Amino acid sequence: MEHQTIQSLSELKQLQTAFYEAIFDPKDENIIQASTYIIGTAEINETKRLSIYRDSILGGITTALTHIYPVCVRLIGEKYFTHMVAGYLKKVPSTSPDIGNYGEHLPTYIADFKPARELIYLADVAQLEWLWHKAFNAADDDLFHQGIQPLSALQNIAEQDLPAIKFCAVNSANLIQSPYPIQRIWQVNQNDYQEANSVHLDEGGISLVIWRSADFGMRIDELNEDEIRFISAVLNGASFGDIAELEFTQALDDIVQRCIQTGLIIGFSDRALK
Amino acid sequence: MSTNKFHLNSIQGAGLGLRSSHYQEVFNTKPDIPWFELLSDNYMAEGGLPILRAEKIREDYPITLHGVGMSLGSADPLNMDYLARLKLLTQRLEPIYVSDHLAWVSINGNQTHDLLPFPYTEFTLNHIAERILQVQDFLGREILVENPSSYLGFHATHMSEWEFVSGITKLTDCNLLIDINNIYVSAFNHGFDPYEYLLAIPKDRVKEIHLAGYEKMDNYLFDTHGYQVHPPVWELYQAALERFGATPTLIEWDTDIPDFSTLRNEALKAEKLIKEVT
């Protein structure tokens, strides 16, 4: 039956819901339902007209994900990536108007994606790329508005008060740990990479912090066990006193100094002292 | 580029849609382009380099913001989070115009990230006019709405697109961004006369024009923004300028983006035609 009128919000909603379902879940019944609204012609019937929109929508979203996950595209090829994204689109709707927010769950989808099982490192590489994208777009650090004290104010804190402070990392910092050499895989798949491009999985796992420095430079830094324990605690909001209780193989002060020097730690909170 | 500071508060002539691949060239050479249009949706992130670059552009050029995320034609409530981000962006960049489309993008909270058509009826006319007024109230400024290109029509449509667009201007105080390429593409795809469309548009409400290139498919035209402006679109543009007068015009190019000089040549062609009606 053709729909001859749209005279209410609920009728408009029905039409748009039918259209959406015919795009993202194009089974026969959904196509037939959406087609009842559409004028077809001898040259281009209703189904073909819907497919123009389907191709445009899926193509646009796939292109956006290709820009977020260029290394994954390189590792599995554009065709295969497009196929994988088609499944992801069906399973995970995009709920933010900012297309840059879509793709957060692609690493998890890849981990469960049977055809990609042989590429055991792919989900972790995808997670690295997502965190890179997230860091690139993260909020700028603003010590004043975030209520963070600059590191220069550390000298005003009495020794006995130090356990109560909380060190603060840049907003963009995120950690990733993988049993695979994902940083090397990422490196050798960059366009400007010149050296030998073979990576052996037995090179072993890695812990990384992915972040953006104050001058907008993107950083992927390898962390040793002490550093990851420290940064992880900082990102979880642990006080310096709680961190001092953790086990480290090096002096904690040295670890803190190193993280301050790189710019990863930008200040501290003294709220507990007030 | 003019050195008069007042040139930053209005737009005229033929501007360019600025894409990230051309930022460096613009920073380095400060080309003599009268204004740039930025895609607001590309600057919605909380921070980082893109917004900083946009602010740097704004120091030297007037800009307009053009978006795809308002989803004016949707049955969903307006996305206030999106509008709040857009408002922040307008406060940071002080664009001359803020525009979006007569289209829907999301339904039931799910995004398609594309501009989709809806039937032109009395109900949708009132529904969208009301939403435009809400958006303008929230942003604290008038917006421009753009005519879309489309590949299908609806049984429920009871008025032409130009009647719909005119109707919007009667029910709201918003202005129009008329995309000449979109009119041409839709006219071909739906079999109407693009000149009749132009004649029906209230000319005092047209504040900006868009030009772009389409792709010829087997039996329809597809609006890819991936080519130079085609000759029949230039012809239609000339007719538009004769009717609307010298209107700020933008060259859009979004896929297979060429080097900056190719874009600039397109803008120069438009500039020449604008001067003929000035």
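To be clear, the structure that these remarks concern was listed above.
Figured I'd write up the structure that's included with this text. Owing to the predicted nature of the structure, the values given are computational and were not obtained by experimental measurement.

Analysis parameters
- Residues numbered from 1 in each chain as written.
- Chains lettered and ligands numbered in written order.
- Predicted model: local features only at pLDDT ≥ 70, side-chain atom pairs only at ≥ 80, totals over all residues.
- Helix = DSSP H or I, 4+ residues; strand = E, 2+ residues; numbered from the N terminus.
- Buried ≥ 20, exposed ≤ 12 C-beta atoms within 10 Å, placed from the backbone.
- Pairing = 2+ DSSP bridges.
- Expected span 1.5 Å × (residues − 1).
- Arc of directions from axis to C-beta.
- Contact = placed C-beta atoms within 7 Å.
- Nonpolar A, V, L, I, M, F, W, Y, C, P; charged D, E, K, R; others polar.

## Structural notes on the overall build of chain B
Part 1: When helices and strands are counted, chain B shows nine helices and 13 strands.
Part 2: Taken along the three principal axes of its C-alpha coordinates, chain B extends 55 × 40 × 35 Å.
Part 3: By residue count, 49% of the 278 residues in chain B fall in the buried class.

## Here we look at the sheet that holds strand β7 (residues 265-269) of chain A
Residues and elements named next belong to chain A.
Part 1: As summarised here, the arrangement of the three strands in space is β2-β7-β3, forming an open sheet in which the pairing is antiparallel. Because the sheet does not close on itself, it has two edges, and the strands there are β2 (149-150) and β3 (166-169).
Part 2: Bridge analysis of β2 against β7 gives two bridges, and the strand direction is antiparallel. Looking across to β7, one finds that Gln-149 is bridged to Phe-268.

## Examining helix α5 (residues 78-91) of chain A
All names here are of chain A.
Part 1: Along its 14 residues, α5 runs 20 Å from first to last C-alpha, staying within 8% of the 20 Å computed at 1.5 Å per residue.
Part 2: Within the span of α5, buried status applies to Met-84, Val-85 and Tyr-88. For α5, the buried positions fall inside an angular range of 105° around the axis, keeping them on one side. What points out from α5, more than 90 degrees from its buried face, is the exposed set Lys-79, Gly-87 and Lys-90.
Part 3: Tucked into the core, α5 has its buried residues touching α3 (46-68) and α6 (106-111).

## Structural notes on the pairing of β3(A)
Residues and elements named next belong to chain A.
Part 1: On β3, burial covers both faces: Lys-166 and Cys-168 on one face and Phe-167 and Ala-169 on the other are all buried.
Part 2: Relative to β7, β3 is paired through four bridges, and the arrangement is antiparallel. Bridging from a neighbouring strand, Cys-168 pairs with Gly-267 of β7.

## Quick look at helix α5 (residues 161-171) of chain B
Residues and elements named next belong to chain B.
Part 1: Restricting attention to buried positions, one finds in α5 the residues Glu-161, Phe-164, Val-165 and Ile-168. Along α5, the residues classed as buried sweep out an arc of 100° about the axis, all on the same side.
Part 2: The secondary structure elements touched by the buried residues of α5 are α4 (122-139), β7 (144-146), β9 (175-179), α6 (180-190) and α7 (194-200).

## As for unusual backbone geometry
Residue and element names in this part refer to chain B.
Part 1: Residue Glu-94 is not a glycine yet carries a positive backbone phi of 45°.
Part 2: The phi dihedral of Asp-256 is positive, around 45°, even though this residue is not glycine.
Part 3: Within the secondary structure, Asp-256 is located in the loop between β13 (249-251) and α9 (260-277).
Part 4: On the neighbour-count criterion, Asp-256 (10 C-beta atoms within 10 Å) is exposed.

## Brief notes about the interface of chain B and chain A
Quite often, the size of an interface is put as the accessible area lost when its parts meet.
Part 1: Each partner contributes to the interface: chain B provides 37 residues, whereas chain A provides 42 residues.
Part 2: Of all the secondary structure elements, the ones that give two or more residues to the side of chain B that touches chain A are β5 (104-107), β6 (110-116), α4 and β8 (153-154) of chain B.
Part 3: It is β6(B) that provides the largest number of residues to the side of chain B that touches chain A, a total of six residues.
Part 4: Of the residues that constitute the side of chain B that touches chain A, the class distribution is 16 nonpolar, 18 polar and three charged.
Part 5: Bridge count between strand β1 (residues 38-39) of chain A and β8(B): two bridges; the pairing is antiparallel. By the bridge assignment for β8(B), Ile39(A) is matched with Gly153(B).

Read these as geometric descriptors, not functional statements.
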